[in-house]
Amino acid sequence: MAGLLAPPYGVMESGPSSDRMPDKENLNNNTLGSMSKHLNKTPHTETQAKPHPKSIHQVPSEKILHAGKVLRNVILSRAPHMIRDRKYHLKTYQQCCVGTELVDWQMQQGSCVHSRIQAVGMWQVLLEEGVLNHVDQELNFQDKYLFYRFLDDEQEGGMQPSEEEKKEAEEELPDTLMLLSQMGPDAHMRMILRKPPGQRTADDLEIIYEELLHIKALSHLSTTVKRELAGVLIFESHAKAGTVLFNQGEEGTSWYIILKGSVNVVIYGKGVVCTLHEGDDFGKLALVNDAPRAASIVLREDNCHFLRVDKEDFNRILRDVEANTVRLKEHEQDVLVLEKASGHGGFPSHHKYTVMTGTPEKILEHFLETMRLDSQFTESDPALDDFILMHSVFLPNTQLCPLLMAHYHAQASQGSEQEKLDFALNNKRRVVRLALQWATFHADPLQDEEASLAFLEELYVAVSDDARVLPALKDQLPLLEKMVKNNSDDSRSLQKKHKVLLRQFSMGDDKQQKRQPVRNNDEILFKVYCIDHTYTTIRVPVAASVREVISAVADKLGSAEDLLLVGLSSAGDKVVLKPSDVSVFSTLSVNGRLFVCPRDQLDSLTPLPEQEGPSTGSLPTFELMSSKDLAYQMTLYDWELFNCVHELELVYHTFGRQHFKKTTANLDLFLRRFNEIQLWVITEVCLCTQLSKRVQLLKKFIKIAAHCKEYRNLNSFFAIVMGMSNPAVSRLSQTWEKLPSKFKKFYGEFENLMDPSRNHRAYRLTMAKLDPPIIPFMPLLIKDMTFTHDGNKTYTECLVNFEKMRMIANTVRIVRYCRSQPFNLDVSQGNKNHQDVRSYVHQMNVIDNQRTLSQLSNKLEPRRT
């Protein structure tokens, strides 16, 4: 291998089949750059000779070729006037369409086309493959008065479709539009990236920036750098495996990020040392160190796409970042690093600089100093919101409260008496305002923290005293008094009577009462099992550590042995819990149980019979319930669970709740609900022995999923669809074969929404079009926050990485947006008595052992030999 891949590589260099964009200094001489001449002009003139139009893919794929035929045939059937000979400047352009008319027509077809930009992307798919062509061979489709021609009309006297072909095209149009709507966003992105950087609009830059947010190699970069990159990134694609991007020893001229495909990293004398995939980057080291390439890069597969940053832009961005950075030092050490605000991000910013890194104390000081006192309390400042949401990661309340009191009492060391008085007054007002905003956001968690409540009371007393001398403080007293009183009253009532949660966090415990959030100090009565399947019931706080749980069990058992606490699944999988783990009750799998045993008996633990789940399905019960009623009651219950999740739980979950000693029970239960619904679907199908009934079950689940989507309950929608795509269900070919084509089509559309490619782009585009209230696909939000957490250090050079805090806070804001409107009851459902449906969706019995489900599935339809 090493001998084959050793230099020289000249014979393997990219040929004409590559779609490599030229260096920017040569863009004006390139055909791709020529579109700038026509941005504001009428159609291009057609040359006498008719060369075959240039396309990005020389040979169209079968499915896109067919899609082009379907669209052309439907246009000729419904609006034949759109394809006709057109004259311009005494030239005749045969059998052409106009870009704006194609977009207009696309917008009128079906519900899957929501915007003109989306329609442009769909036409771009055809243009890229040469199925639709611009008369002057431009590679970007534009929503303008420009002429385009279908491939079938390229030859004179293009064939007219028969009536049979028109009828077939009408039937296939919805599926064709769905296919193009899925491919359109990527095509539109490539179209934008092919534009010379100077021709990209503000909307183009925003679309590129949104894409960059989800690229692994860029996750550690600041928002400012990502926005700078959006303006200079160049799209590059290569058609053939074996193409060499650069050779070892060459000068480094570009940094690459893989958008699609994979490459091999080759070192002379060693051969292939590793493979890089989508989201990885390469080539940066040579630019940073100004050194020769340390390895060669060879395409591992056909049709690879890259983003490229050239050396000149790379160095300029580094210089700009440093030029826009202000460093505050103490004792020759950075204590606060600020970056000049860009004004992007959808939020108006009055700050001249944004915090990038800093010590916790200096970050707090910065937000106090830059707080505007002339704005209304109701005005939201995103930067301060980020601090209030994320401060517990680097500045817990036990440290924040004393610091705020110290700032409140701070005095100016110089200046006139009036200046000192003004400084003291404004300082106190800023501390009170921040404290009010902090207490409002942390309202529920504060009731469990005596030190934080004591701080609020101390602050109220101090402001009351100072208001006698500084009347300007009086306007903040009523709000502060109300905050102190509410928190004190709530805390006292909680101390009198802790809520006790029964029966192992069963989803149905609340009967028909509205669900209340689980708090840190709530107590739980919980069964902990022994090796012989006997159990002891303990009563401990929800947020108790494993060490405390073991101690409580040992006291009840009268055991002095060194015990382990073990989570045991129905499949027999064991997880030995760490002594420092907290709030473990809500983290068990759906049928999981807690066991306690000495270390030497760990291997002897076996699941309880009850963990196996049901042996018969519940179809006789729920087949009598309407799909809409089931979806509605599921959505009501899911909304209650979702509404109980405090935003801080997302932070605790991301950084590890053991570091905060806080419960994430509400979030855990909501995430477990997703698993429960998914398993419910699989369980019911696998326990249904009659083929015709299984077909009815699939139809029922598809209907329920459709209604959940209609109610904007994307969490249950995804859970149902993922349940149906589980191998134990998807392998039942005899069942799926008998499913009516209409339902297969619906399911196909649902599966397309689940497509994980390009970081779940299909789902994200759907989410962006919805208005609140929304129940989002929660596992993906968790994945986004974990992606940011894993890709960025919390501390850099002993300073808090506040840019990371900002990125995680932006994801949490999605949850805030989803709940920004109340869930209004469906009027058509309001007068119905749904107690039986409600009880059913609250208490689903499922099998959560995949091995058992697979065995049941194989019994239903044995493998064909």
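Residues numbered from 1 in each chain as written. Predicted model: local features only at pLDDT ≥ 70, side-chain atom pairs only at ≥ 80, totals over all residues. Heavy atoms only, no water.

In this chain, Pro772 is followed by Pro773 through a cis amide linkage whose omega measures 5°. With respect to the helices and strands, Pro773 occurs in the loop between helix H27 (757–768) and helix H28 (778–791). Unusually for a residue other than glycine, Glu332 sits at a positive phi of about 65°. Looking at the secondary structure, you find Glu332 in the loop between strand S13 (325–330) and strand S14 (333–340). (Helix = DSSP H or I, 4+ residues; strand = E, 2+ residues; numbered from the N terminus.)

The next subject is the sheet that holds strand S15 (residues 353–358). Read from one edge of the open sheet, five strands run S13-S14-S15-S23-S22, paired in antiparallel fashion. Every other strand in the sheet has two partners, leaving S13 and strand S22 (795–796) as the edge strands with one partner each. Bridge analysis of S13 against S14 gives six bridges, and the strand direction is antiparallel. When the sheet's bridge partners are listed, Val326 is paired in S14 with Leu338. (Pairing = 2+ DSSP bridges.)

Let us look at the environment of Trp255. Examined against the element boundaries, Trp255 turns out to sit in strand S7 (residues 254–260). On the accessibility criterion, Trp255 (3% relative accessible area) is buried. Excluding its chain neighbours within four sequence positions, the residues that come into contact with Trp255 are Leu218, Leu221, Leu229, Asp281, Phe282, Gly283, Lys284, Leu287, Leu307, Arg308, Val309 and Phe314. Engagement of the side chain of Trp255 in a polar contact is seen with the side chain of Asp281, the distance being 2.9 Å. (Buried < 20%, exposed > 50% of the residue type's maximum accessible area, 1.4 Å probe, protein only. Contact = heavy atoms within 4.5 Å. Polar contact = N/O pair within 3.5 Å; in protein donor to acceptor, adjacent residues only side chain to side chain.)

Relative to strand S2 (residues 91–98), strand S1 (residues 84–88) runs antiparallel, the two being bridged by four bridges. Paired with Arg86 across the strands is Tyr93, a residue of S2. A loop of two residues connects S1 with S2, the two strands running antiparallel in sequence, and His89 in this loop sits at a positive phi of about 50°.

When a protein is soluble and globular, its nonpolar side chains tend to lie buried together. Core analysis: the largest hydrophobic core is formed by 131 residues, its most contacted members being Phe387, Trp680, Phe701 and Ile720. Broken down by element, this core gets its largest block of residues, 11 residues, from helix H21 (residues 665–686). Residues in contact with Phe701, not counting those within four places in the same chain, are Phe622, Trp680, Val681, Glu684, Val685, Ile720 and Met724. Counting 36 residues, the second-largest nonpolar core is a separate cluster that includes Leu71, Ala79, Tyr148 and Leu177. (Core = buried A, V, L, I, M, F, W, Y, C linked by side-chain atoms within 4.5 Å.)

Time to look at helix H19 (residues 627–644). Compared with the 26 Å implied by 1.5 Å per residue over 18 residues, the 26 Å span of H19 between its first and last C-alpha is a close match. Burial analysis of H19 places 16 of its 18 residues in the buried class, which makes it a mostly covered element. (Expected span 1.5 Å × (residues − 1).)

Where helix H3 (residues 99–107) is concerned, the buried positions are Gly99, Leu102, Val103, Trp105 and Gln106. The arc that holds the buried residues of H3, viewed along the axis, is 160°, so those residues lie on one side. Contacts made by the buried residues of H3 are with helix H2 (62–78), S2, helix H4 (116–128), strand S3 (132–134), strand S4 (147–150) and helix H5 (163–194). (Arc of directions from axis to C-beta.)

In space, the four strands of this open sheet follow the order S5-S12-S7-S10, with antiparallel pairing throughout. Since the sheet does not close on itself, it has two edges, and those belong to strand S5 (234–238) and strand S10 (281–282), each with one partner. Pairing analysis gives six bridges linking S7 to strand S12 (residues 304–310), with the strands arranged antiparallel. Bridging across to S12, Trp255 finds its partner in Val309. Against the sheet, H5 engages S5, S7 and S12, with an angle of about 115° to S5. (Axes fitted to C-alpha atoms, helices over the stretch in contact; angles between N-to-C directions.)

Let us now look at the side chain of Asn713. Along the polypeptide, Asn713 turns up in the loop between helix H22 (691–710) and helix H23 (714–724). On the accessibility criterion, Asn713 (0% relative accessible area) is buried. Looking at Asn713, its side chain comes within polar contact range of the side chain of Thr635, at 3.2 Å. Those residues in contact with Asn713 that sit more than four places away from it in its chain are Met634, Thr635, Asp638, Cys708 and Ile775.

Moving on, we come to the pattern of salt bridges. One pass over the structure, following the stated rule, counts 40 salt bridges. The shortest N-O distance in the salt bridge between Glu236 and Arg308 comes to 2.8 Å. Taken together, the positions of Glu236 in strand S5 and Arg308 in strand S12 put the pair 72 residues apart, joining distant regions of the chain. Its relative accessible area of 0% is what places Arg308 among the buried residues. (Salt bridge = Lys/Arg side-chain N within 4 Å of Asp/Glu carboxyl O.)

What follows covers the confidence of the model for the chain. One rule of thumb: low pLDDT means the predicted coordinates there are not for detailed reading. Across the chain, pLDDT averages 85, with 87% of residues at or above 70. Taken as a whole, residues 1–53 scores under 50 in pLDDT and shows 102 contacts with residues more than four places along the chain or in a different chain. Here residues 344–349 is modelled with pLDDT under 50, and outside its nearest four sequence neighbours on either side it reaches four contacts, counting other chains as well. (pLDDT = per-residue confidence, 0-100.)

Below, the discussion takes up the environment of Val309. As for its placement among the helices and strands, Val309 is situated in strand S12. Taking the C-alpha atoms as reference, Val309 lies 5.3 Å from Leu233; in sequence the two are 76 residues apart. Not counting the four nearest positions on each side in its chain, Val309 is found in contact with Leu229, Val232, Leu233, Thr253, Ser254, Trp255, Leu287 and Phe314.

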